[in-house]
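This is what each chain is made of:
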Amino acid sequence: MTIQSHIPLAPLTTFRIGGEAEFFCEPRSVEELREGLLLAQEKGWRVIILGGGSNILFADGLIQGLVVSMRALKGLREESDILWVGAGMSMDELNSWAEKEGRSGLEWSGGLPGTVGGATYMNARAYQHEMSEVVKAVRVMDFSGREFLLQREEIHYRYKYSVFMDHEDWVIVEVGLGLGFASPEEVRTKTEACRKDREEKGQYLYPSAGCAFKNDYSRNLPAGKVIDEVGLKGFRIGGAEVYQRHANFIVNTGKATADDVLRLLEKVEEEVYKKTGVRLEREVRVIK
Ligand SMILES: Cc1cc2nc3c(=O)[nH]c(=O)nc-3n(C[C@H](O)[C@H](O)[C@H](O)COP(=O)(O)OP(=O)(O)OC[C@H]3O[C@@H](n4cnc5c(N)ncnc54)[C@H](O)[C@@H]3O)c2cc1C
């Protein structure tokens, strides 16, 4: 497998921001993945796992270590009642398959950017549903190349949390999903409605990483509402803006740097805390 160096990361993220990876690889098989991880271990490189780059902000400048893109690992196989999906398959590709085959359970994720692995890691959610509802098991490889299976209960899912967040040396290789059956027409209609709703809300008009902060559902405090109430909608630092149409999105209006976004995130956190006492928690993963 080829290890490349000095690969620009901005095009691999939905923010379209970020510097260069010191080293980069995109394994096309589980064996190649192991090869890359073992090489990193031998050389003492840090490893960063990249899915669709839709929840990541890479810093400007050199990102040290090996960035492993999962996007080429996207097989799909059915084994008894579990659909095993390669972590690198995009949610879009999976939704197209489900629409064609009449498989239900993922309609809520219509238009969700990123990969199946990223959604499993983040416990992505939308329209009152979340990934944990369909994940049955996950095949994992750790950085030493050891493979193991995790059952759903071992993932300890809760709002925007999975056990993977506490094990940065675990790579999600394959996700076992439990999907139901419905008519292709019904699946398509529901999936398309979610996609269209996102489009109408202007989610794709500017590069972003979606919601910057988690919502505090225990106190019924959507982060966007709090940010809006402190008057930060439309506030800009450099090319980064608190999105006019959704205050929990920080958008790249064209030439934003990671530094602009980081300073804006800090500004929002400070202002919200000063004016409301609420401590916002970041959803976007910052990698320096
Ligand atoms: C326009 C827009 C709308 C969005 N709407 C929503 C929404 O409604 N709901 C929501 O929850 N999110 C939303 N997001 C955020 C994002 O799409 C999700 O969090 C998505 O699931 C991230 O997947 P990804 O593959 O892009 O992950 P990445 O951004 O590549 O990675 C995110 C994290 O997961 C880790 N990771 C990724 N793949 C693996 C793997 N195979 N093994 C181990 N770790 C891995 C990375 O290291 C990183 O820490 C939105 C983003 C955008 C740009």
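Model, not experiment: these values are computed from the prediction.

(A) Just the overall build of the protein chain, in detail. If you tally the helices and strands in the protein chain, you get 6 helices and 19 strands. A globule of 288 residues ought to have a C-alpha radius of gyration of about 19 Å, and the protein chain, at 19 Å, matches this closely. For the protein chain, the C-alpha atoms occupy an extent of roughly 50 × 50 × 30 Å along the three principal directions. Counting all 288 residues of the protein chain, 53% fall into the buried class. Here the contacts in the protein chain between residues at least 6 apart in sequence split such that 64% fall between residues at least 24 apart. Working note: accessible area of the protein chain is about 13,300 Å², and carbon and sulfur atoms make up 49% of it. Each charge class in the protein chain was averaged separately, 38 positive and 44 negative side chains, and the resulting centres sit 4 Å apart.

(B) Region of interest: the pairing of strand 5 (residues 62–69). Most of strand 5 is tucked away, with 6 of its 8 residues classed as buried. With 5 bridges joining them, strand 2 (residues 20–25) and strand 5 adopt parallel strand pairing. Residue pairing for strand 5: Phe23 is matched across the bridge by Leu66.

(C) Quick peek at the domain arrangement of the protein chain. In terms of domains, the protein chain is made up of domain 1 (4–69), domain 2 (76–200) and domain 3 (208–287). Using C-alpha coordinates to define each centre, domain 1 is positioned 22 Å away from domain 2. Linking domain 1 with domain 2 are 1 salt bridge. Between Glu147 and Arg34 there is a salt bridge; the shortest N-O distance is 2.8 Å.

Analysis parameters
- Residues numbered from 1 in each chain as written.
- Predicted model: local features only at pLDDT ≥ 70, side-chain atom pairs only at ≥ 80, totals over all residues.
- Heavy atoms only, no water.
- Helix = DSSP H or I, 4+ residues; strand = E, 2+ residues; numbered from the N terminus.
- Rg over C-alpha atoms; globule rule 2.2 N^0.38 Å.
- Buried < 20%, exposed > 50% of the residue type's maximum accessible area, 1.4 Å probe, protein only.
- Contact = heavy atoms within 4.5 Å.
- Areas by Shrake-Rupley, 256 points an atom, 1.4 Å probe, with all protein chains shown as cover.
- Lys, Arg positive; Asp, Glu negative; His and termini not counted.
- Charge placed at Lys NZ, Arg CZ, Asp CG, Glu CD.
- Pairing = 2+ DSSP bridges.
- Domains from an automatic or database assignment.
- Salt bridge = Lys/Arg side-chain N within 4 Å of Asp/Glu carboxyl O.

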